[in-house]
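Chain by chain, the residues:
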Amino acid sequence: VRELGIEVIDLHVSGHADKATRKMLVDSVNPDNIISVHREKEEIDISKPITVIDIETDGIRCENGDADRIIKIEAVKLENKKITEKFSTLVASDRRLNSAIISITGIKNEDLENAPSIDNALTNLYLFSYGTQIVVYNKNYAGNFLNYYAKERLLNISFPVSLDILLLAREK
């Protein structure tokens, strides 16, 4: 996650989207579009803080007992259409990354060697996003991964998604 406001967020869409899809996403995450969605769908309250979260994973499976791993989490907190805080962490993995994931994400196995555990990363993300509305790209992907690992690790936290930016990208 990079910038927002006059600039736009550059979400990597977890590396699984082509350039055209990424451009639609970046074009869609203009604060004015979020305001428009708020007015039309009443999904978020723009007068309250918003946290936009992006994740990178080592695959797309998010199933009980055999889920792929979250390897990076990034987020920005927005208040009054301005970035007020940024969050970024790599996440340790008990699996080696394959060459396709390294190519897609730019993350290497050695990058994850001293990274925080998933428990630590999710707890810190929860503290970072506490009291804000959560925005993700594709809640069936990012939202499911975040909540799967929060539950699987018995962290007693959750990440309720208020807005799925994928819906904005599809409307463009």
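Cut-offs and rules
- Residues numbered from 1 in each chain as written.
- Predicted model: local features only at pLDDT ≥ 70, side-chain atom pairs only at ≥ 80, totals over all residues.
- Heavy atoms only, no water.
- Helix = DSSP H or I, 4+ residues; strand = E, 2+ residues; numbered from the N terminus.
- Contact = heavy atoms within 4.5 Å.
- Polar contact = N/O pair within 3.5 Å; in protein donor to acceptor, adjacent residues only side chain to side chain.
- Pairing = 2+ DSSP bridges.
- Axes fitted to C-alpha atoms, helices over the stretch in contact; angles between N-to-C directions.
- Phe/Tyr/Trp six-rings, centres within 6.5 Å; stacked < 30°, edge-to-face > 60°.
- Buried < 20%, exposed > 50% of the residue type's maximum accessible area, 1.4 Å probe, protein only.
- Left-handed = near helix turned anticlockwise from the far one by under 90°.
- Nonpolar A, V, L, I, M, F, W, Y, C, P; charged D, E, K, R; others polar.
- Expected span 1.5 Å × (residues − 1).
- Arc of directions from axis to C-beta.

K.L.:
Outline the environment of Gln133, listing residues and values.
P.N.:
Relative to the elements of secondary structure, Gln133 occurs in strand β4 (residues 133–136). A C-alpha to C-alpha distance of 7.2 Å links Gln133 and Val161, two positions 28 residues apart in sequence. Setting aside anything within four residues of it in sequence, one finds Gln133 in contact with Ile44, Asp45, Lys48, Pro49, Ile50, Thr51 and Ser162. In terms of polar contacts, Gln133 uses its side chain to reach the backbone amide nitrogen of Asp45, at 2.6 Å.

K.L.:
How would you explain the sheet that holds β4 if you had to name every residue and give the values?
P.N.:
Sheet strands associate in pairs through backbone hydrogen bonding, adopting either a parallel or an antiparallel arrangement. Pairing is mixed in the open sheet, where five strands are placed in the order β3-β2-β1-β4-β5. Edge positions in the open sheet fall to β3 (82–90) and β5 (161–164), since each of these has one partner strand only. For this sheet, the mean inter-axis angle between neighbouring strands, taken without regard to orientation, is 25°. Looking at chain direction, strand β1 (residues 50–57) and β4 are connected through four bridges and run parallel. Within β4, the residue paired with Ile50 across the bridge is Gln133. Each of β1, β2 (70–79), β4 and β5 is contacted by helix α6 (residues 138–152), which is oriented at about 85° to β1, the strand it contacts most.

K.L.:
Let's hear about the packing of aromatic side chains: which residues, and what values?
P.N.:
Per the stated rule, a full pass over the model turns up five aromatic pairs. On the basis of an interplanar angle of 65° and a centroid distance of 5.7 Å, the ring pair of Tyr126 and Tyr130 is categorised as edge-to-face. Note on Tyr126: relative accessible area 25%, which makes it partly exposed. For Tyr130, a relative accessible area of 59% gives the class exposed. Aromatic side chains Tyr141 and Phe145 sit 5.2 Å apart centroid to centroid with 65° between the ring planes, which places their arrangement in the edge-to-face category. Here Phe145 and Tyr141 lie together in helix α6, a separation of four residues that amounts to about one turn. The exposure class of Tyr141 is buried, given its relative accessible area of 10%. By relative accessible area, Phe145 is classed as buried at 1%.

K.L.:
Describe in detail the packing of helix α5 (residues 118–129) against α6, supporting the description with residues and values.
P.N.:
To characterise two packed helices, one gives the angle between the axes of the helices and the distance between these axes. Packing of α5 against α6 brings their axes to within 10 Å, and their N-to-C directions diverge by 115°. Of the two elements, α5 crosses α6, and the hand of that crossing is left-handed. Contact residues: α5 offers Ile118, Leu122 and Leu125, while α6 offers Leu146, Tyr149 and Ala150. Here the contact of α5 with α6 is composed, by residue class, of six nonpolar, no polar and no charged.

K.L.:
Lay out α5 in plain terms, naming residues and giving numbers.
P.N.:
The terminal C-alpha atoms of α5, which comprises twelve residues, lie 16 Å apart, in line with the 16 Å expected from a rise of 1.5 Å per residue. Buried within α5 are the following residues: Ile118, Ala121, Leu122, Leu125, Phe128 and Ser129. End-on view of α5: buried residues confined to an arc of 120°, all on one side of the axis. Elements in contact with the buried residues of α5: β1, β2, β3, β4 and α6. Once α5 finishes, Gly131 follows within two positions and takes phi at roughly 80°, a positive value.

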